[in-house]
Amino acid sequence: MNLIRVEVVYALPHQQTVLSMRVAAADTVRQVIEQSGILQQFPEIDLGSNMVGVFGRQVKLEQHLHDGDRIEIYRPLLADPKEIRRRRAEQAKEEGRADKVTGGRPDPKRTKK
């Protein structure tokens with residue numbers, strides 16, 4: 001049987017788990033995750049809802065792997081990054097750290113009359 005080396009990674013805010021394994025070259029992402037035992041270690045992982053990736057690129061659970069691949073199991077986002085950025089921009093405008101018209105930095109050459 002042809003074996004390859006892969007890693008399965010899952011990170012919480014204050015803990016990171018990295019499992020190194022040797023698996024069959026024909027195994028899929030789903031099969032490797034199930035073989036790793038990480039689903040028993042972290043019961044909150046649901047392969048039906050958690051996204052997975054290989055080296056930061058989202059992949060399907062049926063994808064086959066290459067030697068040296070790192071499978072990453074992503075946690076759901078707690079907040080929408082676009083919404084957070086919009087709130088920060090609004091706050092900067094209110095505090096005078098951003099131009100109320102353009103949203104950029106205030107132009108010191110532009111004086112209020």
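Residues numbered from 1 in each chain as written. Predicted model: local features only at pLDDT ≥ 70, side-chain atom pairs only at ≥ 80, totals over all residues. Heavy atoms only, no water.

Would you mind going over the packing of aromatic side chains in detail, with residue names and values included?
By the definition in use, this model includes one aromatic pair. Considering the side-chain rings of Tyr 10 and Phe 42, the 5.1 Å spacing of their centres and the 55 degrees angle between planes classify their relative orientation as tilted. Within this pair, whereas Tyr 10 is found in strand S1 (residues 3-12), its partner Phe 42 is found in the loop between helix H2 (38-41) and strand S3 (52-54), the two being separated by 32 residues in sequence. (Phe/Tyr/Trp six-rings, centres within 6.5 Å; stacked < 30°, edge-to-face > 60°. Helix = DSSP H or I, 4+ residues; strand = E, 2+ residues; numbered from the N terminus.)

Could you give an account of the environment of Arg 70, naming the residues involved and the relevant values?
On the secondary structure map, Arg 70 appears in strand S5 (residues 70-73). Residue Arg 70 is classed as partly exposed on the basis of its relative accessible area, which comes to 28%. Separated by 51 residues in sequence, Arg 70 and Leu 19 place their C-alpha atoms 9.5 Å apart. Among the polar contacts listed, one links the side chain of Arg 70 to the side chain of Glu 72, at a separation of 2.5 Å. (Buried < 20%, exposed > 50% of the residue type's maximum accessible area, 1.4 Å probe, protein only. Polar contact = N/O pair within 3.5 Å; in protein donor to acceptor, adjacent residues only side chain to side chain.)

Can you explain the nonpolar core? Please cite residues and give values.
Counting residues in hydrophobic clusters, the biggest one holds 20 residues, and the most contacted among them are Val 29, Val 32, Ile 33, Ile 38, Val 52, Leu 65 and Ile 73. Secondary-structure elements contributing two or more residues to this core are S1, strand S2 (15-24), helix H1 (29-36), S3 and S5. Among the elements that line this core, the one with the most residues is S1, at four residues. In this structure Ile 73 touches Val 8, Val 9, Tyr 10, Ile 33, Ile 38, Ile 45, Asn 50, Met 51 and Val 52, once residues within four positions along its chain are discounted. (Core = buried A, V, L, I, M, F, W, Y, C linked by side-chain atoms within 4.5 Å. Contact = heavy atoms within 4.5 Å.)

I'd like a rundown of unusual backbone geometry, residues and numbers included.
Its identity is not glycine, yet Phe 55 carries a phi of approximately 50 degrees, on the positive side. For Phe 55, the position within the fold is in the loop between S3 and strand S4 (57-59). According to the relative accessible area criterion, Phe 55 is partly exposed, its value standing at 46%.

Break down H1 for me, citing the residues and quoting the values.
Looking only at H1, the buried set comprises Val 29, Val 32, Ile 33 and Ser 36. What you see down the axis of H1 is that its buried residues fit within an arc of 100 degrees, all on one side. For H1, the elements touching its buried residues are S1, S2, H2, S3, S4 and S5. Of the residues trailing H1, Gly 37 is marked for its positive phi of about 85 degrees. (Arc of directions from axis to C-beta.)

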